Amino acid sequence: MTALLGVHRLSMRFGGLVAIDDVSFDVRPAEITALIGPNGAGKTTLFNCLTGFYRPTSGKLLLDGRGKTVDLARQPGYRIAQLGVARTFQNIRLFSTMTVLENLLVAQHTALMRASVFSVAGLLGLPSWRQAERRAIDKARYWLDRTGLTRRANDAAHSLPYGEQRRLEIIRALCTDPELLCLDEPAAGLNPRESAELAALLRSIVADHGLAILLIEHDMRVVMGISDRIVVLDYGRKIAEGTPTEIRNDRAVIAAYLGQPETELA
């Protein structure tokens, strides 16, 4: 299967600190790939390189989507969403005083601005603008229905319970129609029932829409339950890659999580 995203010999240094050290792996279409490792392993730094917050010191991030292959490491950060990559954050970043529906419409800002000819068509109420507005609302309604948030559409985002805010942040990213969805600890702060519901939602999104998901997650029940492949980082290096079963039995992974030197396992 052709990779949607190829991470090739990626390194990121902050002065003398090596946060990511020559890491390579692929993310395939219609699969969930989990990126795991102990705290400080470099997972979020890699996400920040992928989504334009950092420019890697070396290496390539090749996205093969939308009819062309681009190196995300060479793209301005603001263009990466336009190329088909969306992300969420470990700490929820909603527009808290906007309504749930408004949060989903803001995610479609670029398409709406293009349809409005940068406000001219919107001010005149031209048919092209009205059609684009209806499409944006229909897309928002679809994701609200999928996640059980329709009844909260007109509520301020900050008024939602924590678990619903998590779902809202995910579907806001999905409103950009990504080919690759990057989720930074989506199960953080969720109780077991909410985590199970989230896992089912993510699997259904992949099955129904064929997009790829790359996620960072510390909840191993979620990781092992939904991942097609898992990449393990430790001190910025990739120490293992494989299926959940392979990772569960990998001695280097066990050593990293238990703090046992690999030499003792020889």
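Conventions used here
Residues numbered from 1 in each chain as written. Predicted model: local features only at pLDDT ≥ 70, side-chain atom pairs only at ≥ 80, totals over all residues. Heavy atoms only, no water. Salt bridge = Lys/Arg side-chain N within 4 Å of Asp/Glu carboxyl O. Helix = DSSP H or I, 4+ residues; strand = E, 2+ residues; numbered from the N terminus. Buried < 20%, exposed > 50% of the residue type's maximum accessible area, 1.4 Å probe, protein only. Contact = heavy atoms within 4.5 Å. Pairing = 2+ DSSP bridges. Axes fitted to C-alpha atoms, helices over the stretch in contact; angles between N-to-C directions.

Enquirer: I would appreciate a short explanation of the pattern of salt bridges in the present structure.
Expert: Pairs can form between side chains of opposite charge whenever their charged atoms are close. Taken as a whole and assessed by the stated rule, the structure comprises 14 salt bridges. Asp208 is the partner of Arg146 in a salt bridge, and the nearest nitrogen-oxygen pair spans 3.3 Å. With Arg146 in helix 5 (residues 127–146) and Asp208 in helix 7 (residues 192–209), this residue pair connects regions lying 62 residues apart in the sequence. Using a relative accessible area of 26% as the deciding quantity, one classes Arg146 as partly exposed. In this structure Asp208 comes out as exposed when scored by relative accessible area, which is 52%. For Arg193, the salt bridge identified is with Glu197, shortest N-O distance 3.0 Å. A residue pair is termed a helical-turn pair when its members lie 3 or 4 positions apart in one helix, as Arg193 and Glu197 do in helix 7 at four residues. With relative accessibility at 37%, the residue Glu197 sits in the partly exposed group. When salt bridges with common partners are traced through the structure, they connect Arg151, Arg152, Asp155 and Glu164 into a single cluster.

Enquirer: Hey, could you run me through the environment of Val206 in this one?
Expert: Mapped onto the elements of the fold, Val206 is located in helix 7. A C-alpha to C-alpha distance of 6.7 Å links Val206 and Glu31, two positions 175 residues apart in sequence. Those residues in contact with Val206, other than ones at most four positions away along the chain, are Ala30, Glu31, Ile32, Leu211 and Ile213.

Enquirer: What exactly am I supposed to notice about the side chain of Ser195 here?
Expert: Here Ser195 lies in helix 7. Judged by its relative accessible area of 4%, Ser195 falls in the buried class. With residues near it in sequence (within four places) discarded, Ser195 still touches Ala187, Leu190, Asp219 and Val222.

Enquirer: Quick question: what am I supposed to make of the pairing of strand 2 (residues 17–27) here?
Expert: Regular strands have side chains that alternate between both faces of the sheet. In terms of strand pairing, strand 1 (residues 5–14) meets strand 2 through seven bridges, oriented antiparallel. Following the sheet pairing, Gly6 is matched in strand 2 by Asp26. Between strand 1 and strand 2, which pair antiparallel and follow one another directly, the connecting turn spans two residues, one of which, Gly15, has a positive phi of 65 degrees.

Enquirer: Explain the sheet that holds strand 7 (residues 180–184) to me, please; I cannot follow it from the model alone.
Expert: Within a beta sheet, neighbouring strands are joined by backbone hydrogen bonds and run either parallel or antiparallel to one another. Spatially, the six strands line up as an open sheet ordered 6-7-8-3-9-10, and their pairing is mixed. With one partner strand each, in any of the chains shown, strand 6 (85–87) and strand 10 (237–242) form the two edges of the open sheet. Across the sheet, the mean angle from the axis of one strand to that of its neighbour is 20 degrees, orientation sign disregarded. Examined bridge by bridge, strand 6 and strand 7 share three bridges and lie parallel to one another. Its bridge partner lying in strand 7, Val85 is registered against Leu180. Here helix 6 (residues 162–174) sits on the sheet and contacts strand 6 and strand 7; the angle it forms with strand 7, its principal contact strand, is near 155 degrees.

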